[in-house]
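So you can see what is in the structure, the chains are spelled out below.
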Amino acid sequence: MRTFGVEEEFLLVDAADGAPLPLGQAVFDLGLDSRITREIKQEQIETGTRPHDNVHDLAVDVVRCRAMADDAAVRAGARAAALATSPLPALPACTNGARYEEMDHRFAITSKEQLTCGCHVHVSVDNDDEAVAVLDRIRVWLPVLIALSSNSPFWNGTDTGYASYRWQAWSRWPMAGPSEIFGTAENYHALVEGLLECGVPVDLGQIYFDARLSHHHPTVEIRVGDVCLYSDDAVLLALLTRGLVETAAREWRQGIPPRPMPAAVLRLTYWRASRFGMDGNLLHPISGQPQDASAVALALLQYVRPALRDTGDAEIAESLLRQLLARGTGCRRQRASLLMRGSLSDVVSDAVRITNLSGGGIAERHEAAPRDVRQHAMAGTVGFGRSNRS
């Protein structure tokens, strides 16, 4: 069974008014857990679960990492919120260090304004050949993951009209976005080497492909998702991603070629997912026609169902997906919160509360879940977290 893990980036906010606070270094310096890492901006931190082969254990770990992040934030004078962009205006501060400072200098306003929080899923692979075969076959389904995780309608105090404005902001990096079909591991590595030689990326960590080979772990890393407001949605994202990886690997072994969608067309499908999220149409990767987002999400579930069934996760994945379709994404919740409360500060306050919910989700239903996740927040061991990923 393939192991998988989740990295989540969190916004550090003022408990009183919801404004982003530049306390990432202060949180990191507390040294509470090695899985709490810095990011390019002081207003955010990242956590990473351990690798798991069981979805229940992963779900518990996701909740535990969220509690750990918020506990550390509170000690530094902030709260942790699973918001992919800040609803309130912000002037992000660059994290100290030669690497981050070089990124800030080299990419100018693109870096200076880059305050976005994503959810990255790692799934184990046997070798680079399998990994690249997987990347070539999952690429057409990645826009669905953007829509399902959409959680960033606001930017600098304004409703952008997008469900995932994080994807728009992130796409300003010249190394980000969809890739063409690689074909072989040799082609993948040759492209990466060529990109580094051209002198634009600062280093290997800045190869921001939407799905890439991890340069620290024997995994593929799928990076398209917003950080999810609800922990259950993060677990769903991980389940669907692992199902995609296993399905793609099986197709490769059976000699089934990747679906030939040019990167230029794929970028348009990403844009549609970013713009409308789950409240519009998405491009169906098989039919090639726009369809209702819910129907395309259910088509993804059906596509990976054999792999999910083999790991015993089919019913859990369907339950989590139908819950999301009924409840809506984080984007929908943020907009509803503003409509009901009338204040972006209240939107952030509501997000802090939901980020740190420990009851009602898959983790709480699992018999191994602790009654008080905060009591166990420091109990994890080092997993996928690292300090120089982006």
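Please refer to the structure higher up on the page.
The structure reproduced in this document is the subject of the present report. What you see is a predicted model; the values in this text were computed from it and never measured.

Definitions and limits used
- Residues numbered from 1 in each chain as written.
- Predicted model: local features only at pLDDT ≥ 70, side-chain atom pairs only at ≥ 80, totals over all residues.
- Heavy atoms only, no water.
- Helix = DSSP H or I, 4+ residues; strand = E, 2+ residues; numbered from the N terminus.
- Rg over C-alpha atoms; globule rule 2.2 N^0.38 Å.
- Buried < 20%, exposed > 50% of the residue type's maximum accessible area, 1.4 Å probe, protein only.
- Contact = heavy atoms within 4.5 Å.
- Lys, Arg positive; Asp, Glu negative; His and termini not counted.
- Charge placed at Lys NZ, Arg CZ, Asp CG, Glu CD.
- Salt bridge = Lys/Arg side-chain N within 4 Å of Asp/Glu carboxyl O.
- Phe/Tyr/Trp six-rings, centres within 6.5 Å; stacked < 30°, edge-to-face > 60°.
- Lys NZ or Arg CZ within 6 Å of the ring centre and 35° of its normal.
- 1 Å grid on protein atoms, 1.4 Å probe; cavity = no way out; pocket = protein on both sides within 12 Å on 5 of 7 lines; lining within 4 Å.
- Points joined across faces, edges and corners; volume = space filled by probe spheres on them.
- Nonpolar A, V, L, I, M, F, W, Y, C, P; charged D, E, K, R; others polar.
- Expected span 1.5 Å × (residues − 1).
- Polar contact = N/O pair within 3.5 Å; in protein donor to acceptor, adjacent residues only side chain to side chain.
- Disulfide = S-S within 2.5 Å.
- Core = buried A, V, L, I, M, F, W, Y, C linked by side-chain atoms within 4.5 Å.
- Pairing = 2+ DSSP bridges.

### Some remarks on the overall build of the protein chain
The secondary structure content of the protein chain amounts to 14 helices and 11 strands. Over its C-alpha trace the protein chain gives a radius of gyration of 19 Å, about what one expects of a compact globule, namely 21 Å for 390 residues. Per-residue burial for the protein chain yields a buried fraction of 60% across its 390 residues. Long-range contacts, defined as pairs at least 24 residues apart, comprise 78% of the intrachain contacts of the protein chain with a sequence gap of at least 6. Here the protein chain contributes 39 positively and 48 negatively charged side chains, and the mean placements of these two sets differ by 4 Å.

### Thoughts on the pattern of salt bridges
One pass over the full model with this rule turns up 28 salt bridges. We note a salt bridge from aspartate 61 to arginine 35, for which the minimum N-O separation is 3.2 Å. Pair noted here: aspartate 61 is in helix 2 (residues 55–76) and arginine 35 is in the loop between helix 1 (24–29) and strand 2 (36–38), with a separation of 26 residues, a long-range link. A relative accessible area of 1% places aspartate 61 in the buried class. Note on arginine 35: relative accessible area 0%, which makes it buried.

### Things to note about the packing of aromatic side chains
For the structure shown, the criterion picks out 13 aromatic pairs. Ring geometry for tryptophan 271 against phenylalanine 276: centres 6.3 Å apart, planes inclined by 90°, an arrangement best described as edge-to-face. For phenylalanine 276, a relative accessible area of 30% gives the class partly exposed. Through a chain of ring-to-ring contacts, the aromatic side chains of Trp155, Tyr162, Tyr165, Trp271 and Phe276 assemble into a single cluster. A cation over a ring is seen here: arginine 275 above tyrosine 162, with NZ or CZ 5.8 Å from the ring centre.

### Some remarks on the layout of surface pockets
Approximately 220 Å³ is the volume found for the largest pocket. The wall of the largest pocket is formed by 17 residues, among which Tyr188, His189, Leu213, Ser214 and His215 lie closest to the centre. Looking at the lining of the largest pocket, the elements that each hand over two or more residues are helix 4 (128–138), helix 7 (185–197) and strand 8 (211–213). For the lining of the largest pocket, the element with the most residues is helix 7, which contributes three residues. Tallied by class, the residues present in the lining of the largest pocket amount to eight nonpolar, six polar and three charged.

### Topic: helix 2
Taking 1.5 Å of rise per residue, 22 residues should cover 32 Å, and helix 2 covers 32 Å from first to last C-alpha, within 8% of that figure. Of all 22 residues in helix 2, 17 are buried, a share of seventy percent or more. The backbone nitrogen of histidine 56 has a side-chain oxygen 2.7 Å away, supplied by the residue at the start of helix 2, namely asparagine 54. A positive phi of about 100° marks glycine 77, the residue just after helix 2.

### Re the state of the cysteines
Under the defined criterion, the tally for this structure stands at zero disulfides. Of all cysteine sulfurs, the one in cysteine 228 lies closest to cysteine 331, which takes part in no disulfide; the gap is 12 Å.

### What to know about the nonpolar core
In terms of nonpolar packing, the biggest core is built from 69 residues, with Leu145, Val220 and Ile222 touching the most fellow members. Among the elements that make up this core, the one with the highest residue count is helix 8 (residues 231–253) (11 residues). In this structure, valine 220 is in contact with Val121, His122, Val123, Val125, Ala131, Val134, Leu135, Arg212 and Val245, ignoring residues within four places of it in sequence. Val13, Ala69, Ala73 and Ile354 belong to the second-largest nonpolar core, a separate cluster that totals 32 residues.

### Quick word on the side chain of glutamate 9
Within the secondary structure, glutamate 9 sits in strand 1 (residues 4–13). Only 2.6 Å separates the side chain of glutamate 9 from the backbone nitrogen of glycine 118, close enough to count as a polar contact.

### What about helix 9 (residues 263–276)?
For helix 9, built from 14 residues, the straight-helix expectation of 20 Å at 1.5 Å per residue is met to within 8% by its first-to-last C-alpha distance of 20 Å. Taken together, the buried residues of helix 9 touch helix 5 (142–149), helix 6 (165–170), strand 9 (219–226) and strand 10 (281–283). In the stretch just after helix 9, glycine 277 is the one whose phi turns positive, near 60°.

### A closer look at the pairing of strand 5 (residues 118–124)
Each regular strand shows side chains that alternate between the opposite faces of the sheet. The buried count for strand 5 comes to seven of seven residues, which makes it a mostly enclosed element. Burial of strand 5 is two-sided: the residues Gly118, His120, His122 and Ser124 facing one way and the residues Cys119, Val121 and Val123 facing the other way are all buried. As paired strands, strand 1 and strand 5 are joined by five bridges and run antiparallel to one another. Within strand 5, the residue paired with valine 6 across the bridge is valine 121.

### Structural notes on empty space enclosed by the protein
Counting across every chain of the model gives four cavities of 30 Å³ or more. One number sums up the size of the second largest cavity: a volume of about 100 Å³. Together, 13 residues line the second largest cavity, and Leu135, Arg139, Ser179, Phe182 and Ala211 are the ones closest to its centre. Here the lining of the second largest cavity takes three residues from helix 4, the largest share from any one element.

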